[in-house]
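# Tertiary structure, described
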Amino acid sequence: MAESEPTLPIRTGHETYVEVSERWSGPALLIMRLLIGWHFFLAGMHKVLAPGGWTAKGFLLNAVRPANPFTEFFQMMAESSLLPLIDVMNMAGLTLIGLGLIVGALVRWCAFWGSIMMWFYWMASLPLANSVFVSEHVVYIALLFFLGAFGAGRYRGVDEYVEDLEFVQNYPWLRYVLG
Amino acid sequence: MGATEADSERYQVSASWFGPSLVILRVLMGWHFLYAGLTKVLNPGWSSRGFLLNAVPEGNPIPGFWPYLANNWYCILDPMNAWGLTLIGIALIVGAFVRWSAFWGSVMMLFYWAAALPLANSYVIDDHIIYIAALFGLGAFGAGRYYGLDEYIEQLSIVEDYPRLRYLLG
């Protein structure tokens, strides 16, 4: 960045400082958090509000490609008595993770479970039609990891205030699920 | 990250994870672009015409634009697509000219997004928009300077002499 632009040192490790664009890094975190949150939230609401109710069964039985290395696993999932639970976990998971990311609450917790969900979606989408290894789900995982590493909930997010609570001050490890 | 001294003092990032998270996002994003580009470059039969003429969903807000592009501009558009994706992918993977690449990658994704409207299962946001956000993040944080070539390019005397070049690097 140009010398005229204000820069902010961030400590990495012990002695290293790096410069980031102060004007853009905060907004960038916010934009990423809001957009991916909206993407999750809408995908969740789309399922929650689906007329006649939504179930993963159709996808698991028909849309997983025959060459998928985990066909049996997904078929077992579709026919298991736990399917209603899986459906609810999908709908509630996407919706709540989306909400959490949008308002910036429990961002690391949300990013972690969002990544687990994306991991399953990615497994179910193998073999990828137009790509090797990286699909949009993998990029989402990288993006969620990024949001967690930077503690994106503390920039214009609820986690900024949650972390000030006395309760969190007393139990600092809670920050692993906040930020 | 805030505008004030007080904000920036209390702002902490995970010291052990934020560098790796930048690299991971940059390399994965780059691989996604590179592979999409290479499959087009290496496929002599590939052209954007088929997509533009047949695959743009019904109800697209600019339906006349895509056939216009396909019929008049495909000889420029096809190499720009194939090589654009490939070069942006390589640049992101090695971390060279990250901001420049992120900018043009975003422009491409904006076109892809516009051609995908109306979205089947979403509203406004699809994977292309998330990629734009990710590219913006990579540019804002200057992701090419972590284990990337931009770290060294920025030390060249030409960059020291013309600091504005950093808007393309980082």
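Residues numbered from 1 in each chain as written. Chains lettered and ligands numbered in written order. Predicted model: local features only at pLDDT ≥ 70, side-chain atom pairs only at ≥ 80, totals over all residues. Heavy atoms only, no water.

## Things to note about the overall build of chain A
Helix and strand content of chain A: eight helices and two strands. In sequence order, the secondary structure elements of chain A are arranged as β-β-α-α-α-α-α-α-α-α. Counting the 179 residues in chain A, one finds 49% classified as buried. Looking at chain A alone, contacts between residues at least 24 apart form 62% of all its contacts between residues at least 6 apart. (Helix = DSSP H or I, 4+ residues; strand = E, 2+ residues; numbered from the N terminus. Buried < 20%, exposed > 50% of the residue type's maximum accessible area, 1.4 Å probe, protein only. Contact = heavy atoms within 4.5 Å.)

## Points about the confidence of the model for chain A
All names here are of chain A. Confidence in the prediction for chain A averages 86 pLDDT; 88% of positions are at 70 or higher. For chain A, strand β1 (residues 7–12) is the element with the lowest average pLDDT, namely 46, and helix α4 (residues 83–103) is the one with the highest, namely 96. With pLDDT under 50 throughout, residues 1–17 is counted as low confidence; its partners more than four residues away or in other chains account for 46 contacts. (pLDDT = per-residue confidence, 0-100.)

## So, the packing of helix α3 (residues 48–55) of chain B against helix α4 (residues 65–72) of chain B
All names here are of chain B. Packing of α3 against α4 brings their axes to within 9 Å, and their N-to-C directions diverge by 155 degrees. With respect to each other, α3 and α4 are oriented roughly antiparallel. The element α3 and its partner α4 pack so that their crossing is left-handed. Between α3 and α4, the residues in contact are Arg49, Leu52 and Leu53 and Trp66, Pro67, Leu69, Ala70 and Asn71, respectively. Its residues assigned to classes, the contact of α3 with α4 shows six nonpolar, one polar and one charged. (Axes fitted to C-alpha atoms, helices over the stretch in contact; angles between N-to-C directions. Parallel < 35°, antiparallel > 145°, perpendicular 65-115°, else oblique. Left-handed = near helix turned anticlockwise from the far one by under 90°. Nonpolar A, V, L, I, M, F, W, Y, C, P; charged D, E, K, R; others polar.)

## So, a nonpolar patch on the surface
A cluster of nonpolar residues, B:Trp83, B:Leu87, B:Ile90, B:Val94, B:Leu149 and B:Tyr152, forms a patch on the protein surface that exposes about 590 Å² of accessible area. The element that contributes the greatest number of residues to the nonpolar patch is helix α5 (residues 74–94) of chain B, accounting for four residues. (Patch = residues over 30% accessible without salt bridge, like charges linked within 9 Å, V, L, I, M, F, W, Y side chains within 5 Å. Areas by Shrake-Rupley, 256 points an atom, 1.4 Å probe, with all protein chains shown as cover. Salt bridge = Lys/Arg side-chain N within 4 Å of Asp/Glu carboxyl O.)

## Regarding the packing of aromatic side chains
For the coordinates displayed, the defined rule picks out 21 aromatic pairs over all chains. Measuring from ring centre to ring centre gives 5.8 Å for A:Trp24 and B:Phe136, while their planes differ by 75 degrees; the resulting arrangement is edge-to-face. Of this pair, A:Trp24 sits in helix α1 (residues 22–48) while B:Phe136 sits in helix α7 (residues 127–140), each in a different chain. Judged by relative accessible area, A:Trp24 falls into the partly exposed class, the value being 41%. Judged by its relative accessible area of 30%, B:Phe136 falls in the partly exposed class. Ring geometry for A:Tyr171 versus A:Trp173: centroids 6.4 Å apart, planes at 70 degrees, classification edge-to-face. Residue placement shows A:Arg156 over the ring face of A:Tyr155; its charged tip is 4.6 Å from the ring centre. (Phe/Tyr/Trp six-rings, centres within 6.5 Å; stacked < 30°, edge-to-face > 60°. Lys NZ or Arg CZ within 6 Å of the ring centre and 35° of its normal.)

## Observations concerning the pattern of salt bridges
Inspection of the entire model under this criterion finds three salt bridges over all chains. Taking the shortest distance from any N to any O, the salt bridge between A:Glu163 and A:Arg154 comes out at 3.8 Å. One exposure class covers both A:Glu163 and A:Arg154, and it is buried. When the shortest N-O distance is used, the salt bridge between B:Glu154 and B:Arg145 registers 3.8 Å.

## Some thoughts on the confidence of the model for chain B
Residue and element names in this part refer to chain B. When the pLDDT values of chain B are averaged, the result is 87; 91% of them are 70 or greater. Within the model, the stretch residues 1–11 combines pLDDT values under 50 with 21 contacts to residues more than four positions away or in other chains. In the model output, the complex is listed with pTM 0.86 alongside ipTM 0.84.

## Focus on the packing of α3(B) against α5(B)
When two helices pack together, their arrangement is given by the angle between the helix axes and by the axis-to-axis distance. Residue and element names in this part refer to chain B. One can describe the packing of α3 onto α5 by two numbers: an axis separation of 9 Å at closest approach and a directional angle of 110 degrees. Considering the angle they form, α3 stands roughly perpendicular to α5. The residues of α5 that touch α3, namely those facing Ser48, Arg49 and Leu52, are Tyr74, Leu77, Asp78 and Asn81. Per-class residue counts for the contact of α3 with α5 are three nonpolar, two polar and two charged.

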